[in-house]
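Single-letter residue listing:
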Amino acid sequence: DYSGKYHSARNSELVLRGPRPQGPPIIVAARGPRMLRLVAKYADRWSWWVYDHRGAIESLIPIVEELEKACEEAGRDPVTLGRCVDFYKVQPPGSLMAGTAEEVGGMQPTMLSGTAETIAAALLEFRELGFDEIRCDVRPKTPDGIEALGGVVDGVHASV
């Protein structure tokens, strides 16, 4: 029974798809050579996080090279290892946010903001390093903030 402008689903049942036969995917965030070797050997996906988007690509290049070297040493094709990146503090255009001093992991993240095209371009740079998933911590964490991200999502999808 569906109705409404902002969705309703009365008398609905949420049915989870159940366990995967091969088990849940193993996603590991790692940086150093030893951990990257373990990622190459055991993980389904490698995860990275971006607190400061300025210079993030340049700082990631040697880590990605080390990851690919670890894959080769483990006898694994690097393209079989999924890669995801988390962006902290993404403020899409048109969203309003009061300034907050917030630390994540002991660091003060910088805000990734600007036009939808600018943000989409910054996110898409990670494709060059093999990242196939991008997760954004949208600010403000409101329906308006998420709605404002629509132009960024459209820009990312249009380039694929």
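Everything quoted here is computed from the prediction, not taken from an experiment.

Overview of the layout of surface pockets
The rolling of a water-molecule-sized probe over the atoms marks out the regions of remaining empty space.
Working step 1: Counted as a void, the largest pocket has a volume near 220 Å³.
Working step 2: Along the walls of the largest pocket sit twelve residues, with Trp-48, Trp-49, Tyr-51, Asp-52 and Ser-59 positioned nearest its centre.
Working step 3: Looking at the lining of the largest pocket, the elements that each hand over two or more residues are strand E2 (45-50) and helix H2 (56-73).
Working step 4: In terms of residue class, the lining of the largest pocket is built from seven nonpolar, two polar and three charged.

Things to note about the pattern of salt bridges
Working step 1: Tallied over the entire structure, the rule returns eight salt bridges.
Working step 2: We note a salt bridge from Arg-45 to Asp-132, for which the minimum N-O separation is 2.6 Å. Highlighted residues: Arg-45 in strand E2 and Asp-132 in the loop between helix H3 (116-124) and strand E5 (133-138), separated in sequence by 87 residues.
Working step 3: By relative accessible area, Arg-45 is classed as buried at 15%.
Working step 4: With relative accessibility at 53%, the residue Asp-132 sits in the exposed group.
Working step 5: A salt bridge links Asp-137 to Lys-141; the shortest N-O distance between them is 2.9 Å.
Working step 6: With relative accessibility at 60%, the residue Lys-141 sits in the exposed group.
Working step 7: Salt bridges here are not isolated pairs; linked through shared partners, they connect Arg-45, Asp-86, Asp-132, Glu-133 and Arg-135.

Criteria and cut-off values
Residues numbered from 1 in each chain as written. Predicted model: local features only at pLDDT ≥ 70, side-chain atom pairs only at ≥ 80, totals over all residues. Heavy atoms only, no water. 1 Å grid on protein atoms, 1.4 Å probe; cavity = no way out; pocket = protein on both sides within 12 Å on 5 of 7 lines; lining within 4 Å. Points joined across faces, edges and corners; volume = space filled by probe spheres on them. Helix = DSSP H or I, 4+ residues; strand = E, 2+ residues; numbered from the N terminus. Nonpolar A, V, L, I, M, F, W, Y, C, P; charged D, E, K, R; others polar. Salt bridge = Lys/Arg side-chain N within 4 Å of Asp/Glu carboxyl O. Buried < 20%, exposed > 50% of the residue type's maximum accessible area, 1.4 Å probe, protein only.

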